[in-house]
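Residues per chain are reported as follows:
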Amino acid sequence: MKFLLLFAFLAISTSCIDGARILCYLQSPGKSHVLLALPICEELAARGHQVLTLTNYKFGKDTANFTNVVVPVDSFSDELKELMASGQFSFKFMKIASQYFRKTAIDTLESELVREMMKSAKFDLIIFLSVMLNDVQLGLADHFKVPYVALSPMGNMLLNRQHVGSHSLPATVSSQMLGINGTMNFWQRVKNFLMNIYEYIMAFIINYMNQADYEKFWPSDRYRSYDEMKRNISLIFLNGHHSDSGVIRPLLPTEIEVGGIQIKTKPTPLTGDLKKFLDEATEGAILWTFGSNVEVSGVEPEKIDIMLKVLSKLKHRIVLKWEIDDKSRLPKNVFAQKWLPQDSILAHPNVKLFIGHGGAGGLGEAKYHQVPLLASPFFADQMRNSEKIEEDGWGRAFKVSEVTEESFTEMVNDMLTNQKYRETVKALSDKYRDRVSSALDTAVFWVEYVLKHHGAPHLQYSGKDLNFFQRHSFDVLAFFAAILWISWKLLKFSVKFCCSKCCKSKTQTSKKLKNKKKQN
């Protein structure tokens, strides 16, 4: 294995003539996040670049230009799984999740495979997955002396905007966690202001932890500082699109929207039993999955059994992502697998409804393929995504913990029979699809643009080097306040001085007059 990896590293370093040598460092225990970035890497390889993709799970098929190196990591702890399944997006969840992601990032860097890569490989560009809880990885770009770009699965969050210096004024830019569209009224601005304070506090804490990790792994006597490497980003790809979220914040040239990048314009054909199962679903089919991080089989069993009971009464066939071998709880109309080709299933004409968790990836796929979505969010952006689905009128949201047989029956029947959901998602899909070029072509263009222009420093926004106080002109306001205070003090002193002089002069004149009168 070590010999084969060394051979791959050397091949990457020496065999590239016309194409570039690109490291896709997709270090993430979340499979769905990797699936967003993987198409960029595969397409770059197809266009002649030598691509080495590092992941924590095996993805894709190796080709002459594409090699996937796997660094295994510990799976989510039982405690973290329970918190994710329960939807408890609390401070405790953030603490445990951040500890896990940071540990995973460090363990990956300390692995023998990455150490060997750092010794023997050479690259022209690095593509990172996310720049949030794993910023210790940024030192790799300095180690190889190359520019880097990043893809954010979570969209345009504050931690991402800080890298490029994008605007975060609370009066005009709503927090992604609130997702307010259009001009905010007074009370929305109050709420947004408070949310911005919360986000800045969280960003400060996360950056503090990231910096501590970075400085331990990349000593200052050999590598650039954490702050320097954060600002050294060439551009960031955002998993979103304005037709979906609305124009809620201005974007810099270094912020590229690629929402739906994992969606194939020509879906990969289904095969085998799954294809047969869907092709024969003459009454329609339903896809049910809670993504890669939440296991349907591990969520509250009594509630899942209620949902299965309701679905068993339908004429529709159910395709279910079921993570365990025991299928005794499943009705006869259910086809279950541990992993499903979600995009290809949603593209099938017989699929009439998607029961999901409201994650950005599945949301984009459902909208693209015009499938109404019944969402049960668990954590992070899924909450706001699900609310937006209801606001836009192409789906409904619910909590698994609140499911009853009556409520779930009503929701499913409404989604399957009410044509407004399908008509609305069709109209939204037309806007989502209508682009100058596909999300994948857009991303590949900008990667090659950065390569061609040696990191594209001319795209960088000069304001990103300003700190919080400078960006919001607090230092300028303090300067003017100081001038006004000094001017007031000088004016006050001058008036007092002049008054004192006048009084003194009058007193002296009065004394002279009195003396003259006495002499006379």
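It should be noted that the structure appears before, not after, this text.
Residues numbered from 1 in each chain as written. Predicted model: local features only at pLDDT ≥ 70, side-chain atom pairs only at ≥ 80, totals over all residues. Heavy atoms only, no water.

A. Structural context of empty space enclosed by the protein. Enumeration over the complete set of coordinates arrives at two cavities of 30 Å³ or more. In this structure, the largest cavity spans a volume of roughly 50 Å³. As for the largest cavity, its lining consists of Leu158, Arg161, Gln162, Gly165, Ser166, His167, Ser168, Tyr200 and Arg471. Broken down by element, the lining of the largest cavity gets its largest block of residues, three residues, from helix 7 (residues 158-164). Tallied by class, residues from the lining of the largest cavity come to two nonpolar, five polar and two charged. Looking at the second largest cavity, its volume works out to about 40 Å³. For the second largest cavity, the full set of lining residues is Phe354, Gly356, His357, Gly358, Gly359, Gly362, Leu363 and Leu373. Looking at the lining of the second largest cavity, the elements that each hand over two or more residues are strand 11 (351-356) and helix 14 (360-368). Tallied by class, residues from the lining of the second largest cavity come to three nonpolar, five polar and no charged. (1 Å grid on protein atoms, 1.4 Å probe; cavity = no way out; pocket = protein on both sides within 12 Å on 5 of 7 lines; lining within 4 Å. Points joined across faces, edges and corners; volume = space filled by probe spheres on them. Helix = DSSP H or I, 4+ residues; strand = E, 2+ residues; numbered from the N terminus. Nonpolar A, V, L, I, M, F, W, Y, C, P; charged D, E, K, R; others polar.)

B. Molecular detail of the pattern of salt bridges. Taken as a whole and assessed by the stated rule, the structure comprises 23 salt bridges. A salt bridge links Arg329 to Asp305, with the shortest nitrogen-to-oxygen separation between them at 3.0 Å. Highlighted residues: Arg329 in the loop between strand 9 (317-321) and strand 10 (334-337) and Asp305 in helix 12 (residues 301-312), separated in sequence by 24 residues. A residue is classified by how much of its surface remains accessible, and Asp305, at 33% relative accessible area, is partly exposed. Arg396 serves as the salt-bridge partner of Glu410, at 3.0 Å between the closest nitrogen and oxygen. Highlighted residues: Glu410 in helix 16 (residues 405-417) and Arg396 in strand 13 (residues 395-397), separated in sequence by 14 residues. For Glu410, a relative accessible area of 41% gives the class partly exposed. Salt bridges here are not isolated pairs; linked through shared partners, they connect Glu43, Arg47 and Asp441. (Salt bridge = Lys/Arg side-chain N within 4 Å of Asp/Glu carboxyl O. Buried < 20%, exposed > 50% of the residue type's maximum accessible area, 1.4 Å probe, protein only.)

C. Representation of the packing of helix 2 (residues 31-46) against helix 18 (residues 439-452) within the structure. The contact between helix 2 and helix 18 brings their axes to 10 Å, and the two run at 65°. Relative to helix 18, helix 2 is oriented so that their crossing is right-handed. Counted together, Pro39, Ile40, Glu43 and Leu44 of helix 2 and Leu440, Ala443, Val444, Val447 and Glu448 of helix 18 form the full contact between these two elements. Split by residue class, the contact of helix 2 with helix 18 holds seven nonpolar, no polar and two charged. (Axes fitted to C-alpha atoms, helices over the stretch in contact; angles between N-to-C directions. Left-handed = near helix turned anticlockwise from the far one by under 90°. Contact = heavy atoms within 4.5 Å.)

D. Summary view of the sheet that holds strand 7 (residues 255-257). Sheet architecture is open: seven strands sit in the order 3-2-1-4-5-6-7, paired in parallel fashion. The open sheet has two edge strands, strand 3 (66-70) and strand 7, and neither has a second partner. Recorded for the sheet is a direction-independent mean angle of 20° between the axes of neighbouring strands. By the bridge criterion, five bridges tie strand 2 (residues 50-55) to strand 3 in an arrangement that is parallel. Looking at strand 3, one finds that Leu54 is bridged to Val69. The strands touched by helix 18 are strand 1 (21-26), strand 4 (125-129), strand 5 (148-152), strand 6 (235-238) and strand 7; relative to strand 6, the strand with the most contacts, the crossing angle is about 175°. (Pairing = 2+ DSSP bridges.)

E. Here's a closer look at the environment of Thr53. For Thr53, the location among the structural elements is in strand 2. Accessibility expressed as a relative area gives 0% for Thr53, which makes it buried. Separated by 28 residues in the primary sequence, Thr53 and Tyr25 place their C-alpha atoms 6.0 Å from one another. Ignoring any residue separated from it by four or fewer positions in sequence, one finds Thr53 in contact with Cys24, Leu26, Leu38, Cys41, Phe66, Thr67, Asn68 and Val69.

F. Representation of unusual backbone geometry. The backbone of Gln370 shows a phi angle near 65°, a positive value even though the residue is not glycine. Tracing the sequence through the fold places Gln370 in the loop between helix 14 and strand 12 (373-375). Positive phi, close to 50°, is recorded for His454, a residue that is not glycine. With respect to the element layout, His454 can be found in the loop between helix 18 and helix 19 (468-471). Looking at His454, the relative accessible area reads 71%, which means it is exposed.

G. The arrangement of the packing of aromatic side chains in detail. For the structure on display, the rule yields 17 aromatic pairs. The interplanar angle of 85° and the centroid separation of 5.9 Å between the aromatic rings of Tyr25 and Phe128 together place this pair among those described as edge-to-face. Residue Tyr25 is found in strand 1, and its partner Phe128 is found in strand 4; the two are separated by 103 residues along the sequence. Relative to Phe290, the ring of Trp288 lies with its centre 6.1 Å away and its plane at 75°, an arrangement referred to as edge-to-face. On the basis of relative accessibility, which here comes to 0%, the residue Trp288 falls in the buried class. Lying across the ring of Tyr368, Arg433 places its NZ or CZ 4.0 Å from the centre. (Phe/Tyr/Trp six-rings, centres within 6.5 Å; stacked < 30°, edge-to-face > 60°. Lys NZ or Arg CZ within 6 Å of the ring centre and 35° of its normal.)

H. Fine view of the sheet that holds strand 8 (residues 285-288). One open sheet holds the six strands; their spatial order is 10-9-8-11-12-13, and the pairing between them is parallel. Taken across any chain shown, the strands that pair with only one partner, and hence form the sheet edges, are strand 10 and strand 13. Going across the sheet, the axis of each strand differs from the next one's by a mean of 15°, ignoring polarity. Relative to strand 12, strand 11 runs parallel, the two sharing three bridges. By the bridge assignment, Gly356 is partnered in strand 12 with Ala375. On the sheet, helix 16 packs against strand 8, strand 11, strand 12 and strand 13 and is oriented at approximately 165° with respect to strand 13.

Spatial relationships are all this shows, so hold off on functional conclusions.
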